[in-house]
Amino acid sequence: MKTMTIFGTRPEGIKMAPLVLELERDEEIENIIVNTAQHREMLDQVLQLFEIVPNYDLQSMEVGQTLEVLTNKIIYGISELLENERPNLVYVHGDTTTTFAAAYAAFLKKIPVAHVEAGLRTNTLHSPFPEEGNRRLVSRIATVHFAPTIANRDALVNENINATSIHVVGNTVIDALHYIQKQNVVMDRFIQPLLHNRMKTILLTTHRRENLNELESVFDAIEHIVTYEENVQVIFPVHKNPHVQAIAKRKLGSDINIHLVDPLDYQTFVQVMMNADVIVTDSGGIQEEAPAIGKSVVVVRETTERPEGILSGHLHLTGTSKERIVESIRHILSQTEHRTTLPNPFGNGDSAKKIVEITKRKYSVAKVKEFAH
Ligand code: UD1
Ligand code: UDP
């Protein structure tokens, strides 16, 4: 059987890495690895860490390009590769422009699509934007849906997707986290002393498109906490998006207890998460990782597609209001024991194994054709 795994951004790289490695280990499957390179440095860091060398690199990233241009490049680039390689099944992940454009290219070639991390929904079309749209569109054209949780499966069933094509397998991000935790730690020389200086640490990340206009308010909240709470520092690996970089430097660049750093490699980032007293973020993946390591997260978004993390007590959804963020961070910092003991709702770290096993059992060359029609 010949498969193709397609990814293009940092989170897709992290979450697809365990599947790529699992497919590589399997003797019955030939897997072609395609990087659309929607992200460059931020994804290259990930591939280096997992020792993954793509067969193809579409070099799609260009500073300041529109999503329409990016989408076109990926559809054309992937179509050509599909024409040449003719895989039996294409794996895409999540909800990015790469995810949608690659799935659509495969759909046009009538090649079955397996959607990894399927069924996440906020049920608000523009939040997050464009991700909620992308994931709904991919669900319509995918043949196989690998859902992380039962709630994700139910969301797909409610949209009239055939239940026999949905498989609940957990989230591969937990596999990636376990893989990284087993590696020898090589710590960043600037970050390491910050983790041992006895200050309380807030780890901050932001990047969502629909949040860019609200970032000032999020950063005001951070500045307020650092000014009025004693002994608090912020580590903020700033996303490469030039808009995020500009606002971050302008609003937070001059406080000595706020450390603006380049995006951290995944291993260092996991170390910082494990040492943080509170994580403040609009990221999707971090909402899944933090519960797995027992950390509390202030989610600076209006909606989340990961309600499991709220139910488990790890996620606190504040929106972008300064007052609510300040209140939530203060509440978490004031708790003497930050680690919650509730179980992580996103899986056991065996998702990639399950996906490969199910692929072979149910979607081998003959069966997948039958399934697609
Ligand atoms: C993208 C995804 C989003 C995902 C996020 C993860 C879309 C529409 N958005 O958002 O779903 O949560 O990635 O981070 O697919 N840049 C660099 N170097 C890099 C990466 C980005 O310079 O390694 C800069 C470029 O100027 C690029 C810009 O960041 O144009 C934005 O990148 P883009 O992939 O369009 O959107 P993200 O906001 O990163
Ligand atoms: N991450 C990382 N280095 C950083 C910031 C984040 O390795 O400096 C990891 C993080 O652990 C998570 C993923 O990147 O696995 C999240 O990516 P991002 O927030 O860019 O995208 P999202 O998850 O929101 O789609």
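Residues numbered from 1 in each chain as written. Chains lettered and ligands numbered in written order. Predicted model: local features only at pLDDT ≥ 70, side-chain atom pairs only at ≥ 80, totals over all residues. Heavy atoms only, no water.

Examining the sheet that holds strand β6 (residues 144-147)
And step 1. In spatial order, the strands read β3-β2-β1-β4-β5-β6-β7; together these seven strands make up an open sheet with parallel pairing. For this open sheet the edge positions go to β3 (56-57) and β7 (166-168), each flanked by a neighbour on one side alone.
And step 2. Here strand β1 (residues 2-7) pairs with strand β4 (residues 89-93) via three bridges, running parallel. Bridge pairing links T5 to Y91 in β4.
And step 3. Relative to β4, helix α4 (residues 97-108) is tilted by about 160 degrees, and along the sheet it contacts β1, β4 and β5 (113-116). (Pairing = 2+ DSSP bridges. Helix = DSSP H or I, 4+ residues; strand = E, 2+ residues; numbered from the N terminus. Contact = heavy atoms within 4.5 Å. Axes fitted to C-alpha atoms, helices over the stretch in contact; angles between N-to-C directions.)

Some thoughts on empty space enclosed by the protein
And step 1. Evaluated as defined, the whole model comprises one cavity of 30 Å³ or more.
And step 2. Its volume calculated, the largest cavity comes out at about 40 Å³.
And step 3. What lines the largest cavity is H93, V116, E117, F146, A147, P148, V169, G170, N171, T172, S351 and I355.
And step 4. Mapped onto the lining of the largest cavity, the elements with two or more residues apiece are β6 and α15 (351-362).
And step 5. Per-class residue counts for the lining of the largest cavity are six nonpolar, five polar and one charged. (1 Å grid on protein atoms, 1.4 Å probe; cavity = no way out; pocket = protein on both sides within 12 Å on 5 of 7 lines; lining within 4 Å. Points joined across faces, edges and corners; volume = space filled by probe spheres on them. Nonpolar A, V, L, I, M, F, W, Y, C, P; charged D, E, K, R; others polar.)

Considering the packing of aromatic side chains
And step 1. As enumerated under the stated definition, the model contains five aromatic pairs in all.
And step 2. Considering the side-chain rings of F50 and Y179, the 4.8 Å spacing of their centres and the 25 degrees angle between planes classify their relative orientation as stacked. Taken together, the residues span a long stretch of sequence, with F50 in helix α2 (residues 41-50) and Y179 in helix α7 (residues 172-182) at a distance of 129 residues.
And step 3. With a centroid separation of 5.8 Å and an interplanar angle of 15 degrees, the aromatic rings of F100 and Y104 are classed as stacked. Pair noted here: F100 and Y104 are both in helix α4, with a separation of four residues, about one helical turn.
And step 4. An aromatic cluster is defined as three or more aromatic residues linked by ring pairs; in this entry it consists of F50, Y179 and Y266. (Phe/Tyr/Trp six-rings, centres within 6.5 Å; stacked < 30°, edge-to-face > 60°.)

Thoughts on the site of ligand 2
And step 1. Near ligand 2 you find 16 residues, and of these R10, L264, G284, G285 and E289 are the closest.
And step 2. R10 places a polar side-chain atom, nitrogen or oxygen, 2.8 Å from an oxygen atom of ligand 2.
And step 3. Measuring from an oxygen atom of ligand 2, one finds a side-chain N or O atom of R208 at 3.1 Å.
And step 4. Its free accessible area being 540 Å², ligand 2 has 95% of it covered by the protein chains.
And step 5. Of all the secondary structure elements, the ones that give two or more residues to the shell around ligand 2 are α1 (10-25), α11 (266-275) and α12 (285-292).
And step 6. Tallied by class, the residues present in the shell around ligand 2 amount to nine nonpolar, four polar and three charged. (Near = heavy atom within 4 Å. Polar contact = N/O pair within 3.5 Å; in protein donor to acceptor, adjacent residues only side chain to side chain. Areas by Shrake-Rupley, 256 points an atom, 1.4 Å probe, with all protein chains shown as cover.)

Quick look at helix α14 (residues 322-334)
And step 1. For α14, with 13 residues, the first-to-last C-alpha span of 18 Å sits near the 18 Å given by 1.5 Å per residue.
And step 2. When α14 is considered as a whole, its buried residues turn out to be I325, V326, S328, I329, I332 and L333. Taken end-on, α14 shows its buried residues confined to a sector of 170 degrees, consistent with a single buried face. For α14, the exposed residues lying more than 90 degrees away from the buried face are E323, E327 and S334.
And step 3. Of the surrounding elements, those touching the buried residues of α14 are β8 (200-205), α9 (215-228), β9 (232-237), β11 (278-281), β12 (297-299) and β13 (315-317). (Expected span 1.5 Å × (residues − 1). Buried < 20%, exposed > 50% of the residue type's maximum accessible area, 1.4 Å probe, protein only. Arc of directions from axis to C-beta.)

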